[in-house]
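Geometric and topological summary
What follows is each chain in one-letter form.
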Amino acid sequence: MASVVFRLLCCLVLTGALARPVVAGPAAYPFSVVVEAAGGGHRLVGLNRGAAPVSVRLLLADVDNVRADALLPVYAVVAPGSLAVLLQVRAAVAGRPLRFSSEAVHVIGSYRAQPDENFAYRLPFARGQSAVVSQSHDGPRLTHDAADSEYAIDFATAAGTPVVAARDGVVIEAVFANRVGGRDRRLLARANVVRILHADGSIASYAHLAHAVAPVAVGQKVKAGTVIGGVGATGYSGGPHLHFVVQKVVGNATGFATVSLPVRFLLGNPPRPGSVAYRQQLRAGELPTTIAGRAADRDR
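Figured I'd write up the structure that's included with this text. Note that the coordinates shown come from a computational prediction; the quantities given were computed from them, not determined experimentally.

**Quick notes on the side chain of His 243**
For His 243, the location among the structural elements is in strand β21 (residues 241–252). Taking relative accessible area as the criterion, His 243 reaches 15% and is therefore assigned buried. In this structure the side chain of His 243 is engaged in a polar contact, spanning 3.3 Å, whose partner is the side chain of His 144. In terms of polar contacts, His 243 uses its side chain to reach the side chain of Asp 154, at 3.0 Å. Discounting residues that sit within four places of it in the chain, His 243 has contacts with His 144, Ala 152, Ile 153, Asp 154, Ser 205, Tyr 206, Ala 207 and His 208.

In structure tokens form, the structure reads like this:
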């Protein structure tokens, strides 16, 4: 979830208004910024028509005769399906034209989110399915070498094994059109993936899914245990496995970064919260009501 940068160049006079949208980020995600005439000046508005919150950092440059209503840079979160005024500007000296350029960085997710570090996830497989941890934080990391994947887990298992949501949430991305996979870095962006936003603002990614008719859609609410796809080997992959990672967005001096989080699962019988280990063999089972209930309560 790399940050996306967009620039908006404006040369405005008090009698005219620029109101063209500026698309920010992948065309598949409906986020944009527009400049509108308002109250004798202009305002920069973030429009989020998607299913996830968007974090935005906005600043001005090349400023001439501009007075802004907030200290710069501006950090904001635009909620799903909403708009937010990021900044209002007007001429510092009435009657003179104003000019500025703006630069914004945005990333999907809220940098204000505070994920629950104690939440225990269910294993992301249907009941009775087995998997082996083929890559994790405690073992050799061949590909999980960046902050956004440091705590990612690869579960090796048979192609087509049903993958289920490990926690309640809202689907914010669902890609199933890719067919190709292999050890070619040019395939890094070609993995089928489902991303789910949780109630605490964390986001889980389930990657390398098999090509299929999409079982879930963006905006759909899912419960833990809902089938969201099947194990595949699409994208940069050496064979069938599920890449699972939970992430959050953090702010920094230049914009935002996405970092991965340690994950605990409900393991054993009866299940207890714990971390998985490299080469550990796992089997997904049904959770007793008492354990599942406590996990579900934390998600409400």
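**Quick look at the pairing of strand β3 (residues 31–38)**
Bridging between β3 and strand β4 (residues 41–48) involves eight bridges; their strand directions are antiparallel. In the sheet register, Val 34 faces β4, and the bridge partner there is Val 45. Between β3 and the antiparallel strand that follows it, β4, lie two residues; Gly 39 among them carries a positive phi value of about 55°.

**Digging into the sheet that holds strand β10 (residues 120–121)**
Taken together, three strands build an open sheet; the order of strands is β10-β23-β24 and the sheet is mixed. Of all strands in the sheet, those bounded by a partner on one side alone are β10 and β24 (272–274). In the sheet, strand β23 (residues 264–267) pairs with β24 via three bridges, with the strands oriented antiparallel. Considered in β24, the bridge of Leu 266 is made with Pro 273.

**Comments concerning the packing of aromatic side chains**
Summed over the entire model, instances satisfying the criterion amount to nine aromatic pairs. With a centroid separation of 5.9 Å and an interplanar angle of 50°, the aromatic rings of Phe 244 and Phe 265 are classed as tilted. Taken together, the residues span a long stretch of sequence, with Phe 244 in strand β21 and Phe 265 in strand β23 at a distance of 21 residues. Pairwise contacts between aromatic rings join Phe 119, Tyr 121, Phe 125, Phe 155, Tyr 206, Phe 244 and Phe 265 into one cluster.

**Observations concerning unusual backbone geometry**
Following Leu 72, the chain continues to Pro 73 via a peptide bond in cis, the omega torsion being 0°. Mapped onto the fold, Pro 73 is located in the loop between β6 (66–68) and β7 (74–78). In this model, Asn 269 is joined to Pro 270 through a cis peptide bond whose omega is 0°. Note on placement: Pro 270 falls in the loop between β23 and β24. Unlike most non-glycine residues, Asn 65 shows phi in positive territory, near 60°. Summarising the element assignment, Asn 65 is placed in the loop between β5 (54–64) and β6. For Arg 279, which is not glycine, the phi torsion reads 70° and is therefore positive. Here Arg 279 shows up in the loop between β24 and β25 (281–283).

What counts, and at which threshold
Residues numbered from 1 in each chain as written. Predicted model: local features only at pLDDT ≥ 70, side-chain atom pairs only at ≥ 80, totals over all residues. Heavy atoms only, no water. Helix = DSSP H or I, 4+ residues; strand = E, 2+ residues; numbered from the N terminus. Buried < 20%, exposed > 50% of the residue type's maximum accessible area, 1.4 Å probe, protein only. Polar contact = N/O pair within 3.5 Å; in protein donor to acceptor, adjacent residues only side chain to side chain. Contact = heavy atoms within 4.5 Å. Pairing = 2+ DSSP bridges. Phe/Tyr/Trp six-rings, centres within 6.5 Å; stacked < 30°, edge-to-face > 60°.

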